[in-house]
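Coordinate inspection notes
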Amino acid sequence: MRKLTFLLAVGILFGAVSLPAFADGTPVTPTPANAAPANVAGQQLHWFAGTATAIGSSSLTVGVLWTGPNDGSLNGQSLNVAVTDHTRINGPRHHPIALADIQTGDLVAVRAAGDTTSGFTAAKVRVFCNCHWVGGTIASVTPGASAGTGSIGVAVARTGPYDTVLDHALITIQVDASTVYLRGPHHARLGFSDLKIGEGVGVVFSADGFFKAPGFDPTKATFTAARVHVWPRREVPPPSTDAGAAAGTSAT
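These notes cover the structure that comes with them. (Residues numbered from 1 in each chain as written. Predicted model: local features only at pLDDT ≥ 70, side-chain atom pairs only at ≥ 80, totals over all residues. Heavy atoms only, no water.)

Considerations on the packing of aromatic side chains
Heads up, the rule is: Any pair of Phe, Tyr and Trp rings, taking the six-membered ring for Trp, is counted once the centres come within 6.5 Å. Such a pair is stacked with planes under 30 degrees apart, edge-to-face with planes over 60 apart, and tilted for the rest. Runs of H or I in DSSP of at least four residues are treated as helices and runs of E of at least two as strands, each being numbered from the N terminus. Residue burial is assigned from relative accessible area. The probe radius is 1.4 Å, only protein chains are included, and a residue is buried under 20% of its type maximum, exposed over 50%, and partly exposed in between.
Scanning the entire structure with this criterion turns up eight aromatic pairs. With centroids separated by 6.2 Å and ring planes inclined at 85 degrees, the aromatic side chains of Phe128 and Phe210 adopt a geometry described as edge-to-face. With Phe128 in strand 8 (residues 119-128) and Phe210 in the loop between strand 14 (199-207) and strand 15 (223-233), this residue pair connects regions lying 82 residues apart in the sequence. Neither Phe128 nor Phe210 differs from the other in exposure class; each is buried.

Structure, rendered in structure tokens:
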């Protein structure tokens, strides 16, 4: 009986410290409740997350989309956050990165001391992989006003494990000059004009917000394709065909 009690205690301990993760090992986006310690050097820390809109030599500007339970007044604000030599900056796989590695448009979560009056100083910045995946068939192809821009409509039949809210939806995905177009298992290069309605497609894309954030509405979000992978007509690819290009896809 004593041995059984010990084993149960060990199991509970290890279960408590394990975290869910993406297919590449990237932990699932933290929730505000477990995102911030009580204080650092006696200062209460704030937690907020959003889009990096500007990166300076010692500062980061964040368009706030999501906050901790006590920081709701920061939601929707554009905050300039000081970054010091003591700020810990981690990339999508928890690897330390430099401030200069953060790109405009990246999704970031920030733990910071200070307030809107004195200014915020980051204790920790976490950069998340803004990468989602859907598979389906091309429902529409709409060229934009300038070369390299436009949109495709996708009738979604499959999603990555963290994009299931889009399953069986008809979504519009924007394309731009940086979007890559590929065909089939050999990854032959294509152009936007080669896309045809009815073809199967797997799309790696970014979103202008956190899927898990309260109030995030995927029907009103903007999706932008990084990679459009085309397959024969009506052939819907599995997530594994693009697993190397998106952390949020399943390997099976």
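Things to note about the nonpolar core
Soluble globular proteins tend to bury their nonpolar side chains together. We apply this condition: By nonpolar core we mean a set of buried residues, namely Ala, Val, Leu, Ile, Met, Phe, Trp, Tyr and Cys, connected to one another through side-chain atoms within 4.5 Å.
With 23 residues, the main nonpolar core has Ile173, Val203, Phe223 and Val228 as its most contacted residues. Mapped onto this core, the elements with two or more residues apiece are strand 9 (132-143), strand 10 (150-159), strand 11 (170-175), strand 14 and strand 15. Counting 19 residues, the second largest nonpolar core, distinct from the first, contains Val83, Ile102, Ala112 and Val127.

Examining the environment of Asp167
Note the threshold: Any two residues whose heavy atoms approach within 4.5 Å at even a single point are treated as in contact. Pairs of N or O atoms are called polar contacts if they sit within 3.5 Å, as long as, within protein, a hydrogen donor faces a hydrogen acceptor (for residues adjacent in sequence, only side-chain-to-side-chain pairs).
Take Asp167: it is sitting in the loop between strand 10 and strand 11. The partly exposed category is assigned to Asp167, whose relative accessible area is 35%. In this structure, the C-alpha to C-alpha distance between Asp167 and Ala155, residues twelve residues apart in sequence, is 9.0 Å. The residues touching Asp167, leaving out its near neighbours within four places in the chain, are Val156, Ala157, Arg158 and Thr159. At 3.2 Å, the side chain of Asp167 forms a polar contact with the side chain of His168.

Comments concerning the state of the cysteines
To be explicit about the condition: Throughout, a disulfide means two cysteine sulfur atoms within 2.5 Å of one another.
All told, the structure shown has one disulfide when counted by the stated rule. Note on cysteine connectivity: Cys129 is disulfide-linked to Cys131, with sulfurs 1.8 Å apart. With the S-S bond torsion at 125 degrees, the cross-link from Cys129 to Cys131 turns out right-handed. Given a relative accessible area of 31%, Cys129 falls into the partly exposed group.

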